[in-house]
Amino acid sequence: MKLIIAAIKPFKLEEVREALTAIGVRGMMVTEIKGFGSQSGHTEIYRGAEYAVNFVPKVRLEIVVADALSDQVVKTIRETAKTDKIGDGKIFVLDVEHAVRVRTGETDDDAL
Amino acid sequence: MKLIIAAIKPFKLEEVREALTAIGVRGMMVTEIKGFGSQSGHTEIYRGAEYAVNFVPKVRLEIVVADALSDQVVKTIRETAKTDKIGDGKIFVLDVEHAVRVRTGETDDDAL
Amino acid sequence: MKLIIAAIKPFKLEEVREALTAIGVRGMMVTEIKGFGSQSGHTEIYRGAEYAVNFVPKVRLEIVVADALSDQVVKTIRETAKTDKIGDGKIFVLDVEHAVRVRTGETDDDAL
Amino acid sequence: MKMQTKLGTVLGALSASLMAGLPALAQDMIQNPSAEQMATMVNKGDTTWMLVSTALVLMMSIPALALFYGGLVRTKNMLSLLMQVFVIVSVGAILWIAVGYSLAFTPGSPYIGGLSKAMLAGVGTGTYAATFSNNVYIPEYAFVIFQMTFAAITPALIIGAFAERIKFWPLVLFCIGWSLLAYYPIAHMVWFWAGPDFLSVPDFAGDIGLLWGWGALDFAGGTVVHINAGIAGLVGCLVVGKRIGHNKEPMPPHSLTLTMVGASLLWVGWFGFNAGSNLESNGLTALAFLNTFIAAAAATLSWVLVEQLRHGRPSLLGAVTGALAGLVAVTPAAGFASPGGALILGLIVSPVCYVFVSTVKKKFGYDDSLDVFGVHGIGGILGAIGTGILADPALGGQGWFDYTVFPAVAGTYDMGAQVMTQIKAVGVTVLWTGIVSFVLFYLIKLVFGLRPSADDERQGLDQTSHGESAYNY
Amino acid sequence: MKMQTKLGTVLGALSASLMAGLPALAQDMIQNPSAEQMATMVNKGDTTWMLVSTALVLMMSIPALALFYGGLVRTKNMLSLLMQVFVIVSVGAILWIAVGYSLAFTPGSPYIGGLSKAMLAGVGTGTYAATFSNNVYIPEYAFVIFQMTFAAITPALIIGAFAERIKFWPLVLFCIGWSLLAYYPIAHMVWFWAGPDFLSVPDFAGDIGLLWGWGALDFAGGTVVHINAGIAGLVGCLVVGKRIGHNKEPMPPHSLTLTMVGASLLWVGWFGFNAGSNLESNGLTALAFLNTFIAAAAATLSWVLVEQLRHGRPSLLGAVTGALAGLVAVTPAAGFASPGGALILGLIVSPVCYVFVSTVKKKFGYDDSLDVFGVHGIGGILGAIGTGILADPALGGQGWFDYTVFPAVAGTYDMGAQVMTQIKAVGVTVLWTGIVSFVLFYLIKLVFGLRPSADDERQGLDQTSHGESAYNY
Amino acid sequence: MKMQTKLGTVLGALSASLMAGLPALAQDMIQNPSAEQMATMVNKGDTTWMLVSTALVLMMSIPALALFYGGLVRTKNMLSLLMQVFVIVSVGAILWIAVGYSLAFTPGSPYIGGLSKAMLAGVGTGTYAATFSNNVYIPEYAFVIFQMTFAAITPALIIGAFAERIKFWPLVLFCIGWSLLAYYPIAHMVWFWAGPDFLSVPDFAGDIGLLWGWGALDFAGGTVVHINAGIAGLVGCLVVGKRIGHNKEPMPPHSLTLTMVGASLLWVGWFGFNAGSNLESNGLTALAFLNTFIAAAAATLSWVLVEQLRHGRPSLLGAVTGALAGLVAVTPAAGFASPGGALILGLIVSPVCYVFVSTVKKKFGYDDSLDVFGVHGIGGILGAIGTGILADPALGGQGWFDYTVFPAVAGTYDMGAQVMTQIKAVGVTVLWTGIVSFVLFYLIKLVFGLRPSADDERQGLDQTSHGESAYNY
Ligand SMILES: Nc1ncnc2c1ncn2[C@@H]1O[C@H](COP(=O)(O)OP(=O)(O)O)[C@@H](O)[C@H]1O
Ligand SMILES: Nc1ncnc2c1ncn2[C@@H]1O[C@H](COP(=O)(O)OP(=O)(O)O)[C@@H](O)[C@H]1O
Ligand SMILES: Nc1ncnc2c1ncn2[C@@H]1O[C@H](COP(=O)(O)OP(=O)(O)O)[C@@H](O)[C@H]1O
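No experiment lies behind these values; they were computed from the predicted model shown. (Residues numbered from 1 in each chain as written. Chains lettered and ligands numbered in written order. Predicted model: local features only at pLDDT ≥ 70, side-chain atom pairs only at ≥ 80, totals over all residues. Heavy atoms only, no water.)

### A short note on the overall build of chain A
Now for step 1: Within chain A, the regular secondary structure consists of two helices and seven strands.
Now for step 2: Reading chain A from its N end, one meets helices and strands in the order β-α-β-β-β-β-α-β-β.
Now for step 3: When the backbone C-alpha atoms are referred to their principal axes, chain A occupies close to 60 × 30 × 20 Å.
Now for step 4: Counting contacts in chain A only where the partners sit at least 6 residues apart, residues at least 24 apart contribute 71% of the total.
Now for step 5: With an accessible surface of roughly 4300 Å², chain A has 51% of that area assigned to carbon and sulfur atoms.
Now for step 6: If the 16 positive side-chain charges of chain A are averaged to one point and the 18 negative ones to another, these points end up 6 Å apart. (Helix = DSSP H or I, 4+ residues; strand = E, 2+ residues; numbered from the N terminus. Contact = heavy atoms within 4.5 Å. Areas by Shrake-Rupley, 256 points an atom, 1.4 Å probe, with all protein chains shown as cover. Lys, Arg positive; Asp, Glu negative; His and termini not counted. Charge placed at Lys NZ, Arg CZ, Asp CG, Glu CD.)

Rendered as structure tokens:
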């Protein structure tokens, strides 16, 4: 199995989720994160004092899928999260050795 | 070493933490996440307008342990987080190549 | 590529980010987490009732870098995040099989 | 007009005059009094009540309305709503002393007053404003500030209709234009008159606003404030267009906690708004206060019950929306209806507004984000017409008074005719504000644009219009 | 009864009558006045004060109490508390005009009034309510709304005891039953009398509530409001049972910020509650205001000092809890005690309540979630008994007045006897409300159930009872 | 001194006396009246206004100021600010009745009063305080509580200057010392006098505070409250030192939402602060109310415009800071300036304060965290001096009145001289409070230390000083 970690723009979340469900992804973990990258943050001014905000709000997806589905998931995220503007995000793929569904105890692919 | 990632029901956090401490886990990272899976979310109605909330609040645990302890940790989480209701969560195991304790510089198993 | 996960003290974030930028890290994901470890939490008293707070606020960094840069990143984090006080945090290194930049579709090292 | 309030206050007037050591007998009252004579007709209890009411109505706008609206939007736009309300209120206050007070409350035409009191010329600590009782006056400055808060909150009510997608300065510009072309004229038409000691004096009898002259009843601003703002909001959300993601993405209120705080403070402040509109402190003021309370409570319950029946459970948003609808509906009726009448009005308004904010809005697909039309517009219309019924003494109402006789006497009440008058008044208000609002929004859209870029809207107005975040936890 | 307030207001009455151009001399005062005569005894300054006080007391319930309680629960239950308070206040208001006012403030038996004023029959802009000064009246509507806010907030106080684990509609049902069977009767027993100009009139002398007749002193509702709610809360949390996870999981307040805002607004609103209870605006009103302020400040400090000694540092929750305890304790004493007496009362109440909310509660293991019993119950009892001591003129107190003489004269003060009377009054209140509450809770539990399912409780009442979240950041 | 307010209130006085059935003619006014006579000169409308104003000013401190400040700090220090304000207000109230009222408002020296009224000895429901109109009195308790709220909020204003880095108890200690050595003396110097019916009486003519004697004009506390607190804040932040990470880490306000709520409630409460300072309820009170409103609105706009020009967009923090600056500046001028004058004052104060909080502060590098000096200090100085100009009747101002004649008569206005007097008064205040504050801070720093450990400061004062968190979502 693979763990696919993706950082995307928050407003793209719904769209990506729907696209992934469409290709058979049955679960994911979503975290609100602060992203740092080439997309620069902004400066905020409080009573004339400037602060550089280096982080941009992003949403981080973690999806574990069977090896077979992995590439398609990456492709789907890429296509739906794309706005061609800097800051669209990244996708990373890691190997997962083992998976368990708490409720049933099913393991690996059956657990997903 | 292994990185064990688990998504569980929030109210189970304390119980799981205690159980893990009991078997010798000495640290973890806890993140509040939005979970998506077979446990469907709910609909909220605001002034008659319905919104489907597809995400369910979950807690995500990340625990790095020595290979030896890995299975036991998975087992413990499974048993304590279980409510036999849909949405109990998932456990994933990944391989960790290297670990460092910032304070001392100890590495790998000593760092845990 | 490697995924470097580090849990550090929140007030060290800016310093670490700058140090990492200095050595050429061009992106990261930052999450606010609750940390559990040897650094014990504290007790809060509400109207005479004591509650043990077992978790300590930490910041979690995820950085994906080319293998070459990996060790240097670990070293840099270790040195900047260090306060020699318990609770300074941990650094974990995992292997990343694949990376994609959403905007351009560039892959692996080019994606970082 | 609030002629009939005379009835409610005749005893108050009696006692006031008794206390003033003046004979209470009608024939001893002073018609057409001089400023010096008015000075002897001021009661500090009334003055205090007007000052307090003014503070309460300001509280309705900041923070109450700002929180009520702000809590309903998404986090990324919270600050923009707080900012809009805060600045609009400030602009409204300045504009009021500059020209507003004069345009609304000096003689001129039946449609709008003159500029004789621009920059409050001639207003001083020794000038007085009439109340609805013969020979009872309040310091004119007290009247100026009380009415100022009304002029300041009304444009702020409108912004809920196109929340989360409006450019700041063009909005401010709209509020200025709308105050000049819609609020001041309508306030003049509904509320301007020479006062109870003058209406019987030929020279002054003509100094009245159009709708006031028709005999339309609006105790505290059902037409001037709520219908006025509700229609402007509807026009605004149509001209501005829907939010990106409307009916696609979920847009839950970011803090119903703050919305509830806002609603609660609106309720508290509304006592100043409605009971303060009696301009003095007597039994009728207490009745207006009670009616306001009852209507809000009743509307809260009826909305909650509708939800229980429709969705199987009651919501906080429903409860506070109901309370607001009740407060809106009772505004024109506060000093006219009996407590029982206020109860019925409150029970009825919620189901009606519910249909508009849920069904009608969905059906026509306009994006009145915070239901300014559905609650203020519809609730205001229902209340304005209902006032014609509930004011009937036959139903325990306060009726109306004939000030052309000195001192004023009770007039005979014709419910049918009164309801017609109310409907006509509503019609004039809807048309006037509808046209003015459309032209203004349209012109500003052409010249400056009303909407931020899609990217800015997506990122949220807090960052893009004001460079701040409402929260940095 | 507030007989002695006569003393404090004799000068006020003098000036009032002087101003009314009436001779101030006792023999010229009017015994048993007619409504027309009462109309000449109304001062608009008093009327305004009652209107303001009413607004302040409503603010105490929404938003103040709702925030104070809501901030103390976990996020997942925040909205349910806001909702409960908001709806209970609405129900309380409607019920009050329907039957409550009549049951509490019309003659009937020493235990409960009659239904002669149900739906406010006979109450109008020309009827008046007595104050504690001979020949000083306020519009009856003003008295109706002021007392309405008391009837509305009292049941809302109870809900803190079983917060986070109650079903919505059964709770509302309880509040209705409890108002009818506990609040109205006790309000009648403690506060009902014919008024200072009538008590000396044989026909009316008998129209008094039971405890009022005993001579129990309760200036603003120590028994009627706080003991009453505190005991009901204790009974409630026992019948409902503990929260899941009580003493196992940490349940820290989700927002002490909002709790502090609530406490602050409670403090501000309490001036209307206590000083408003004098029913007129004079030197004694200012004293009640001052005492309220001092007791709250003193109790804040003593609680904070206890914490400093016990835990080595003072907490905000401690400070605001102390303030609340002080406000509760001074409620029955506000118009009786000297400022020094209020200071001492405030300093004492915090340590006492501290022991109950920390030690006693833990010892007996009941889950009075937000310490309704520990603060309102205990603080109310301490204040009620303390009033018997502090009212003693020998200690600078205001003593009591004998209204059976016309005009009223100062009565001789017997501290021992008064304290006994106070204790008896507390006893009656505790028993009455204890029994009524138990029966009501028990029956409702049997018939409808009081508690949500364990799953619903775990997920939180916001979602499961109302389908909403307090926050969606 | 507020001598000139006589002018504004002469009509009010007339009506009052008329109503009191007393002849209004000057020669019939009572010079040097007895308590019994004063009792007949009390108007319940005034009393009510003072009670309301007192409640409004308490609301300014809790919750308004606490929220305004708290919203501007980082989450980890939020609770510490709420706690500091809440406890300082409580301490201030107790200290006020213990010695403060006596030291500020009894005869003694031109610098400080005596202890004759310590623990409010001799103050009762039958004693009265003078207003600024001949033969118009209010209950002394009402004056005590009104002034109490001023004494309570002023030290709380200071804490913003060294927020996020102060030890709790040493801060409380400072506030006690500062009240005794800075606030009470300056209040005495600026505000103490025998009253309008006594100044013409040789025996009492000498009972006046130093600056009052000079003829300095300070309607509601520009010197006593704002300059006083602003300078103390500056000294404090210098002695305490900068926050760790100052100008290195970003320290954005954790909740501008709460800051806006605080600012709004400050605005509302300020009406009690400024208009309440007239001590009675008449046309001049309404003018002070209006001027307060206008200055705040104007300053909001001018700050927002400055930001638009400087940064290309207006911020909410700018808007609320402007409002506050306007409220501060108009405080000494509220009852003296014309509405036009208040407008100009408001428009000017924001740019001036803007320069101080942005440029000057950066330049000198002091860490006045929440700009107590930049807004209260600078705005207060500008307002105090501006009052000398705007009070000129030639500019529509209210001028001043000569109370050494009985009844008082208008004095001739010399703007130049008045401005000099104002400057001198400012100078005395700045020096006095500057020296007292420095010595106090310095001593406390030596003996107890002012600053928490670096680790504690980093972790945040909520946890380390109070063992709590403001939020547990
Ligand atoms: N090396 C990295 N490791 C982890 N996350 C990264 C890395 N680089 C970028 N990210 C994440 O991807 C987001 C977008 O990347 P960014 O460089 O800003 O734009 P783009 O994806 O268009 O190059 C960042 O905000 C960050 O959250
Ligand atoms: N494929 C997946 N990848 C990552 N997280 C998952 C995946 N499937 C489920 N989860 C996480 O586990 C939680 C529970 O899974 P769900 O399917 O809802 O119930 P169950 O575990 O009983 O099958 C989800 O809310 C989500 O956070
Ligand atoms: N085994 C572990 N797995 C994952 N995270 C850990 C582990 N041990 C510690 N951490 C993280 O590192 C943080 C610091 O560790 P801790 O043991 O408290 O101090 P130190 O790093 O000085 O030993 C913890 O708060 C937790 O977030």
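### A few points about the overall build of chain D
Now for step 1: Within chain D one finds 17 helices and four strands.
Now for step 2: Relative to the globule expectation of 23 Å for 473 residues, the C-alpha radius of gyration of chain D, 22 Å, shows essentially globular dimensions.
Now for step 3: Across the 473 residues of chain D, 73% fall into the buried class.
Now for step 4: Looking at chain D alone, contacts between residues at least 24 apart form 79% of all its contacts between residues at least 6 apart.
Now for step 5: Carbon together with sulfur atoms contributes 69% to the accessible area of chain D, which is approximately 11900 Å² in total.
Now for step 6: Here chain D contributes 20 positive and 23 negative side-chain charges, whose respective centroids are spaced 15 Å apart. (Rg over C-alpha atoms; globule rule 2.2 N^0.38 Å. Buried < 20%, exposed > 50% of the residue type's maximum accessible area, 1.4 Å probe, protein only.)

### Here's the deal with the side chain of S338(E)
Now for step 1: Within the secondary structure, S338(E) is located in the loop between α12 (316-330) and α13 (339-364).
Now for step 2: When sequence neighbours within four positions are dropped, the list of residues in contact with S338(E) reads N291(E), L390(E), L395(E), G396(E) and G397(E).

### Side note on the side chain of K90(B)
Now for step 1: Considering the arrangement of structural elements, one finds K90(B) in strand β6 (residues 89-95).
Now for step 2: There is a polar contact of 3.3 Å between the side chain of K90(B) and the backbone oxygen of A111(A).
Now for step 3: With sequence-adjacent residues up to four places away left out, K90(B) is seen in contact with V100(A), R101(A), V102(A), A111(A), L112(A), I5(B), A6(B) and A7(B). (Polar contact = N/O pair within 3.5 Å; in protein donor to acceptor, adjacent residues only side chain to side chain.)

### Details of the site of ligand 2
Now for step 1: Within the structure, ligand 2 sits among 21 residues, and R101(A), R103(A), S38(B), G87(B) and K90(B) are positioned closest to it.
Now for step 2: Taking G87(B), its main chain carries an N or O atom lying 2.8 Å from an oxygen atom of ligand 2.
Now for step 3: At a separation of 3.2 Å, an oxygen atom of ligand 2 approaches a polar backbone atom of G89(B).
Now for step 4: When contributions to the shell around ligand 2 are tallied by element, the ones reaching two or more residues are β2 (28-36) and β5 (56-65) of chain A together with β2 (28-36) and β6 of chain B.
Now for step 5: Among the residues forming the shell around ligand 2, the class breakdown is eight nonpolar, seven polar and six charged. (Near = heavy atom within 4 Å. Nonpolar A, V, L, I, M, F, W, Y, C, P; charged D, E, K, R; others polar.)

### Topic: the relation of the copies chain D and chain F
Now for step 1: With an RMSD of 0.0 Å, chain D superimposes on chain F once it is rotated by 120° and translated 0.0 Å along the axis. In the structure described here, the two chain copies are related by an operation that fits a three-fold rotation axis. Identified as the residue of chain D closest to the rotation axis by C-alpha distance is G45(D), at 2.3 Å.
Now for step 2: Both copies present different contact surfaces, since only 12% of the interface residues of chain D are interface residues in chain F too. (Least-squares fit on C-alpha atoms with pLDDT ≥ 70 in both.)

### Observations concerning the site of ligand 1
Now for step 1: If you check the shell around ligand 1, you find 21 residues, and the closest are S38(A), G87(A), K90(A), R101(C) and R103(C).
Now for step 2: Take G87(A): an N or O atom from its main chain is 2.8 Å from an oxygen atom of ligand 1.
Now for step 3: The side chain of R101(C) places a nitrogen or oxygen atom 2.8 Å from an oxygen atom of ligand 1.
Now for step 4: In terms of residue count, strand β5 (residues 56-65) of chain C provides more of the shell around ligand 1 than any other element does, three residues in total.
Now for step 5: The residue inventory of the shell around ligand 1, partitioned by class, reads eight nonpolar, seven polar and six charged.

### Things to note about the interface of chain D and chain F
Now for step 1: The interface is formed by 56 residues belonging to chain D together with 60 residues belonging to chain F.
Now for step 2: Across the interface of chain D and chain F, roughly 4800 Å² is buried in total on both sides, 76% from carbon and sulfur atoms.
Now for step 3: It is K44(D), F86(D) and Y473(D) that lose the most area in chain D upon contact with chain F, and together they represent 16% of the buried surface on that side.
Now for step 4: In this structure, the salt-bridge partner of K44(D) is D46(F), at a minimum N-O distance of 2.7 Å.
Now for step 5: Summed over the shared surface of chain D and chain F, the result is 13 residue pairs in polar contact (both at pLDDT 80 or more).
Now for step 6: Broken down by secondary-structure element, the contributors of at least two residues to the side of chain D that touches chain F are α3 (44-72), α4 (75-105), α5 (140-158), α6 (168-191) and α17 (461-466) of chain D.
Now for step 7: Top element by residues in the side of chain D that touches chain F is α3(D). It accounts for 14 residues.
Now for step 8: Partitioning the side of chain D that touches chain F into residue classes produces 37 nonpolar, 17 polar and two charged. (Buried area = accessible area lost by both parts, 1.4 Å probe. Salt bridge = Lys/Arg side-chain N within 4 Å of Asp/Glu carboxyl O.)

### What about the pairing of strand β4 (residues 49-53) of chain C?
Residue and element names in this part refer to chain C.
Now for step 1: With five bridges joining them, strand β3 (residues 42-46) and β4 adopt antiparallel strand pairing. What sits directly across from I45, in β4, is E50.
Now for step 2: Counting the residues in the hairpin turn of β3 and β4 gives two residues, including R47, whose phi is positive at 50°. (Pairing = 2+ DSSP bridges.)

### Comments concerning helix α4 (residues 75-105) of chain E
Now for step 1: The largest bend in α4(E) is about 65°, located at W96(E).
Now for step 2: With 27 of its 31 residues buried, α4(E) lies for the most part within the structure. (Bend = angle between axes of the 7 residues up to and from the residue.)

### Comments concerning the interface of chain B and chain D
How large an interface is tends to be reported as the accessible area lost when its parts come together.
Now for step 1: Contact with chain B, which involves six residues of that partner, is made by 18 residues of chain D.
Now for step 2: Linking chain B with chain D are three residue pairs in polar contact (both at pLDDT 80 or more).
Now for step 3: The element contributing the most residues to the side of chain B that touches chain D is strand β3 (residues 42-46) of chain B, with three residues.
Now for step 4: Classifying every residue of the side of chain B that touches chain D by side-chain character gives three nonpolar, two polar and one charged.

### Focus: the nonpolar core
Now for step 1: Ranked by internal contacts, the top residues of the largest apolar core, which has 555 residues, are Y183(D), W267(D), Y183(E), W267(E), Y183(F) and W267(F).
Now for step 2: Excluding anything up to four places from it in sequence, Y183(F) contacts W96(F), F150(F), A151(F), T154(F), W178(F), W191(F), V224(F), V225(F) and N228(F). (Core = buried A, V, L, I, M, F, W, Y, C linked by side-chain atoms within 4.5 Å.)

### Details of unusual backbone geometry
Now for step 1: For the bond from I62(D) to P63(D), the omega torsion is 5°, close enough to zero to count as cis.
Now for step 2: Summarising the element assignment, P63(D) is placed in helix α3.
Now for step 3: One non-glycine residue with positive phi stands out, namely D84(B), at about 65°.

### Quick notes on the environment of S38(A)
Now for step 1: Considering the arrangement of structural elements, one finds S38(A) in the loop between β2 and β3 (42-46).
Now for step 2: Placed 19 residues apart in sequence, S38(A) and P57(A) show a C-alpha to C-alpha distance of 13 Å.
Now for step 3: Discounting residues that sit within four places of it in the chain, S38(A) has contacts with I86(A) and R26(C).

### Re the packing of helix α5 (residues 140-158) of chain E against helix α9 (residues 222-240) of chain E
Residue and element names in this part refer to chain E.
Now for step 1: Here α5 crosses α9 at 30°, and the two axes come no closer than 8 Å. Here α9 runs roughly parallel to α5, going by the angle between their axes. In the packing of α5 onto α9, the handedness of the crossing is right-handed. Listed contacts from α9 to F150, T154, L157 and I158 of α5 are V224, V225, H226, A229, A232 and G233.
Now for step 2: Of the residues belonging to the contact of α5 with α9, the class tally is seven nonpolar, three polar and no charged. (Axes fitted to C-alpha atoms, helices over the stretch in contact; angles between N-to-C directions. Parallel < 35°, antiparallel > 145°, perpendicular 65-115°, else oblique. Left-handed = near helix turned anticlockwise from the far one by under 90°.)

### Examining the packing of aromatic side chains
Now for step 1: Taken as a whole and judged by the stated rule, the model has 102 aromatic pairs over all chains.
Now for step 2: Both rings, one in F68(F) and one in Y69(F), keep their centres 6.2 Å apart while their planes meet at 40°; by these two values the pair is tilted.
Now for step 3: Its relative accessible area of 1% is what places Y69(F) among the buried residues.
Now for step 4: Put simply, the rings of W96(D), Y101(D), F105(D), F143(D), Y183(D) and Y184(D) touch in pairs and so form one group of aromatic residues.
Now for step 5: A cation over a ring is seen here: K34(B) above F55(B), with NZ or CZ 5.4 Å from the ring centre.
Now for step 6: A cation over an aromatic ring shows up here: K363(D) above the ring of F364(D), its NZ or CZ 5.2 Å from the ring centre. (Phe/Tyr/Trp six-rings, centres within 6.5 Å; stacked < 30°, edge-to-face > 60°. Lys NZ or Arg CZ within 6 Å of the ring centre and 35° of its normal.)

### Observations concerning the packing of helix α10 (residues 256-275) of chain E against helix α4 (residues 75-105) of chain F
Now for step 1: Where α10(E) contacts α4(F), the axes come no closer than 10 Å and their chain directions differ by 20°. As summarised for this structure, α10(E) and α4(F) are arranged roughly parallel, according to the angle between their axes. Crossing of α10(E) over α4(F) shows left-handed handedness. Seen from α10(E), the contacting residues are L256(E), T257(E), M260(E), S264(E) and W267(E); seen from α4(F), they are M78(F), L79(F), L82(F), F86(F) and S90(F).

### What to know about the pattern of salt bridges
Now for step 1: In total, this model carries 72 salt bridges over all chains according to the counting rule given.
Now for step 2: Close ionic contact of R101(B) with E106(B) constitutes a salt bridge, the shortest N to O distance being 2.9 Å.
Now for step 3: The exposure class of E106(B) is partly exposed, given its relative accessible area of 31%.
Now for step 4: Where R17(C) meets E14(C), a salt bridge forms, and the shortest distance between an N and an O atom there is 3.1 Å. Remark: E14(C) and R17(C) occur in helix α1 (residues 13-22); sequence separation between them is three residues, near one turn of the helix.
Now for step 5: Bridged by salt links that share partners, the residues R60(A), E62(A), R60(B), E62(B), R60(C) and E62(C) form one connected network.

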